[in-house]
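# An overview of the molecular structure
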Amino acid sequence: MEKINDVICIESLNMDSNSYIIDNILVDTGTGLNSDYLYSKLNDLKIKKDDIEMIVNTHSHYDHTGGNYLFPNAKIAIHELDALAIEHKNDPLTASTIFHHDLKRHDVDLKLRDGDTVGSFKVIHTPGHTPGGISLWDGEILISGDTVFADGFGRLDIGGNHDDMEKSLNKLRKLDVKYLLPGHGFWVDNGKEHIEANYNLFINNF
Ligand SMILES: [Zn+2]
Ligand SMILES: [Zn+2]
């Protein structure tokens, strides 16, 4: 684990997404299949599962939302367009069938929109990987979900859209991102350069 400014970064295990903690907010919960791992990381931080007051899901996919049930006291926040997938059972936009597990928690408390704030972070609507994908931005750190990674961008074949992805990458490349904290893989500094490279990769290859 590493702390970057006020964000604690928890590296993913197996098919899980990365998770990030901002005060009492947990961003993405993994699949929920590795609960011992996630709880032990919180334990190392002296955080109890009931201390987590809000879960923000960067998008609806199971590898980011499957663990929501591990934090029954937490309210669930997700962009309004991806909330529908969580609320419906077996919605293809959760991709749960790919993981051969059903999503266990279906409630959504807060439907986010572009420009909303989560703690000290602003919600940026970045569709392309899913219709309701979001990134979180505080002027220095970008938590990017599966929109953009240190080395690549999110797949388009589980609810994605090419033109939306291009627009979202174009939006993000204009930000002065110092630290890029993606949904999978390594978090990096020089975030702006990584996003620019991935934007160019996208427009030249897709
Ligand atoms: Zn993912
Ligand atoms: Zn995804």
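Tallying secondary structure elements over the protein gives 6 helices and 15 strands in all. The globule rule puts the C-alpha radius of gyration for 206 residues at 17 Å, and the 15 Å found for the protein is close to it. Principal axes of the C-alpha set define a box for the protein whose edges measure 45 × 35 × 30 Å. Relative to its full complement of 206 residues, the protein shows a buried share of 48%. Put simply, 59% of the contacts in the protein that link residues at least 6 apart link residues at least 24 apart.

What follows is about the nonpolar core. Note on soluble globular proteins: their nonpolar side chains tend to be buried together. Grouped together as the largest cluster of nonpolar side chains are 50 residues, with contacts concentrated most on Tyr20, Leu26, Val27, Ile55, Leu169 and Leu181. Look past the residues within four positions of leucine 181 in its chain and what remains in contact with it is Val7, Cys9, Tyr20, Ile141, Leu142, Ile143, Ser144 and Trp187.

Time to look at the sheet that holds strand S2 (residues 7-10). Taken together, the 7 strands give an open sheet; going across it, the order is S1-S2-S3-S4-S5-S6-S7, and neighbouring strands pair in mixed fashion. Sheet topology places strand S1 (2-4) and strand S7 (110-112) at the edges, where each strand pairs with a single neighbour. Averaged over all neighbouring strand pairs, the angle between strand axes comes to 25°, with direction disregarded. In terms of strand pairing, S1 meets S2 through 3 bridges, oriented antiparallel.

What follows is about the pairing of strand S3 (residues 19-22). Burial along S3 is two-sided: Ser19 and Ile21 and Tyr20 and Ile22, pointing in opposite directions, are all buried. Here 4 bridges tie S2 to S3, and the two strands are oriented antiparallel to one another. Looking at S3, one finds that valine 7 is bridged to isoleucine 22. Looking at chain direction, S3 and strand S4 (residues 25-27) are connected through 3 bridges and run antiparallel. Bridged to tyrosine 20 within S4 is valine 27.

The rules we used
- Residues numbered from 1 in each chain as written.
- Chains lettered and ligands numbered in written order.
- Predicted model: local features only at pLDDT ≥ 70, side-chain atom pairs only at ≥ 80, totals over all residues.
- Helix = DSSP H or I, 4+ residues; strand = E, 2+ residues; numbered from the N terminus.
- Rg over C-alpha atoms; globule rule 2.2 N^0.38 Å.
- Buried ≥ 20, exposed ≤ 12 C-beta atoms within 10 Å, placed from the backbone.
- Contact = placed C-beta atoms within 7 Å.
- Core = buried A, V, L, I, M, F, W, Y, C linked by C-beta atoms within 7 Å.
- Pairing = 2+ DSSP bridges.
- Axes fitted to C-alpha atoms, helices over the stretch in contact; angles between N-to-C directions.

Purely geometric stuff here, so don't read any function into it on its own.
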